[in-house]
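Here are the chains, one letter per residue:
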Amino acid sequence: DDIETVRGLAAHFVHSSAGNIAFTQNTSTGVSIAANGLAWRSGDNVVLPECEFPSNFYPWLNLEPRGVQLRRVPAPTGHAAVDDIAAAIDHRTRVVAVSAVQYSNGHRYDLAALGDLCRRHDTLLVVDGTQSVGALAMDVTSWNIDVLAVSSHKWMLGPSGIGFAHLSNRALERIRPDIVGWLSVRD
């Protein structure tokens, strides 16, 4: 009962549904659920700002041996412009990955604009929410965020080693978890 209560609270906190929340160890694990769970084909690509925090960079970099291209959007002022992110997207873009708030300078991305952009291109929007959730409002539903990965040790004021991920229904249709255990299946 406690697990479902906490899942519901996390969902309410980011405007999701309890069935769309998974508990994770940290942001890297949440991002890796998306990175490792998609059926990649050689030539697919991921678009992300060049200054992303390692938790939202290394899981994507790890896909390069599979033929997945990382398109690093220049961030000369410490963040990439939404128009530059849009220009990097093509018909082989499967994911746009950003941090809600850039760790190095506090820049806040327009997640609603990025979510709309990703919907138009049938691309998943994956967001590192660790620097924002708990301090700023987050609405994964109206902003069309497909995956939101959060560690609790920042603004959620929790311990290290625990976090959660929101996965939209669209993400749940496309992502097949690559790590499973007895608590990840029904009955």
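You'll find the structure just up there.
What this report covers is the structure whose coordinates are included nearby. Please read these numbers as outputs of a predicted model, since none were measured by experiment. Within every chain, residues take consecutive numbers counted from 1 along the sequence as written. Local features in this predicted model are restricted to residues whose pLDDT is 70 or higher, and side-chain atom pairs enter the listing and the counts only when it is 80 or higher, whereas totals over whole chains, interfaces and linings include all residues. By convention in this description, side-chain values take in all heavy atoms of the structure and omit both hydrogens and water.

Turning our eyes to something else, we now look at the overall build of the chain. Numbering of helices and strands starts at the N terminus; helices are DSSP runs of H or I of at least 4 residues and strands are runs of E of at least 2. Helix and strand counts for the chain come out as 6 helices and 7 strands. Its helices and strands taken in sequence order, the chain reads α-β-α-β-α-β-α-β-α-β-β-β-α from the N to the C terminus. Each radius of gyration is computed over the set of C-alpha atoms, and the globule rule expresses the reference value as 2.2 Å times the number of residues to the power 0.38. Taking 2.2 N^0.38 as the reference for a compact globule, 187 residues should give roughly 16 Å; the C-alpha atoms of the chain span a radius of gyration of 15 Å, in line with that estimate. Counting only C-alpha atoms, the chain reaches 45 × 35 × 30 Å along its principal axes. The contacts in the chain between residues at least 6 apart in sequence include a share of 64% that link residues at least 24 apart. Counting 15 positive and 19 negative side-chain charges, the chain places the averaged centre of each group 5 Å from the other. Should any heavy atoms of two residues lie within 4.5 Å, those residues are considered in contact. Residues scored as positive are Lys and Arg, those scored as negative are Asp and Glu, and His as well as the terminal groups of each chain are ignored. Positions of charges follow a simple convention, taking NZ of Lys, CZ of Arg, CG of Asp or CD of Glu.

What follows is about the pattern of salt bridges. Any Lys or Arg side-chain nitrogen located within 4 Å of an Asp or Glu carboxyl oxygen qualifies as a salt bridge. All chains considered together, the criterion is met by 9 salt bridges. Here Arg7 makes a salt bridge to Glu4, at a shortest N to O gap of 3.4 Å. In this pair, Arg7 and Glu4 both sit in helix H1 (residues 2-14), 3 residues apart, roughly one turn of the helix. Exposure is judged per residue with a 1.4 Å probe applied to protein chains only, and the accessible area is read against the type maximum: over 50% gives exposed, under 20% gives buried, and values in between give partly exposed. The exposure class assigned to Arg7 is buried, which follows from its relative accessible area of 17%.

The residue Thr130 is located in the loop between strand E5 (124-128) and strand E6 (147-151) in this model. According to the relative accessible area criterion, Thr130 is buried, its value standing at 7%. Here a polar contact is recorded for every N or O atom pair within 3.5 Å, except that within protein the pair must consist of a potential hydrogen donor and a potential acceptor, and residues adjacent in sequence are included only if both atoms are side-chain atoms. Polar side-chain contacts of Thr130 include one of 2.3 Å to the side chain of Thr27. A polar contact is formed between the side chain of Thr130 and the backbone nitrogen of Ser151, at a distance of 3.0 Å.

Mapped onto the secondary structure, Arg41 falls in the loop between helix H2 (27-37) and strand E2 (45-49). Distance from Arg41 to Arg94, taken between C-alpha atoms, is 10.0 Å for residues 53 residues apart in sequence. The residues contacting Arg41, other than those within four sequence positions of it, are Arg92 and Arg94.

Moving on to the sheet that holds strand E7 (residues 163-167). Spatially, 7 strands are ordered E1-E7-E6-E5-E4-E2-E3 in an open sheet, and the strand pairing comes out mixed. Whereas interior strands pair on both sides, the edge strands pair on one side only; in this sheet they are strand E1 (21-24) and strand E3 (69-73). Ignoring which end each strand starts from, the neighbouring axes of this sheet average 20 degrees apart. Across 4 bridges, E1 lies against E7 in antiparallel orientation. Residue Ile21 lies in a different strand from E7, and its bridge partner there is His166. To define axes, lines are fitted to C-alpha atoms, for helices over the stretch in contact only, and angles between the resulting N-to-C directions are given on a 0 to 180 degree scale. Along the sheet, H1 contacts E1, E6 and E7; its crossing angle with E1, the most-contacted strand, is approximately 110 degrees. The pairing criterion for strands is at least two bridges between them, as found by DSSP.

Mapped onto the fold, Asp122 is located in the loop between helix H5 (111-120) and E5. Each C-alpha atom, one on Asp122 and one on Thr93, is 8.7 Å from the other, the two residues being 29 residues apart in sequence. For Asp122, the contacting residues outside a window of four places in its chain are Arg170 and Arg174.

Each patch is assembled from residues with relative accessible area greater than 30% and no salt bridge, linking like charges that lie within 9 Å and nonpolar side chains (Val, Leu, Ile, Met, Phe, Trp, Tyr) that lie within 5 Å. Accessible surface area values rest on a Shrake-Rupley calculation with a 1.4 Å probe, where residue burial reflects the displayed protein chains alone. Judged by side-chain polarity, Ile3, Val6, Phe23 and Ile162 come together as a nonpolar surface patch covering roughly 330 Å² of accessible area. Among the structural elements, Phe23 can be located in strand E1.

With that out of the way, let us pick up H5. Within the span of H5, buried status applies to Leu111, Leu114, Gly115, Leu117 and Cys118. Looking straight down H5, one finds its buried side chains confined to an arc of 160 degrees; they lie on one side. Against helix H4 (82-88), strand E4 (93-99), E5 and helix H6 (169-174) lie the buried residues of H5. By definition, the arc is the one covered by directions from the helix axis to the C-beta atoms.

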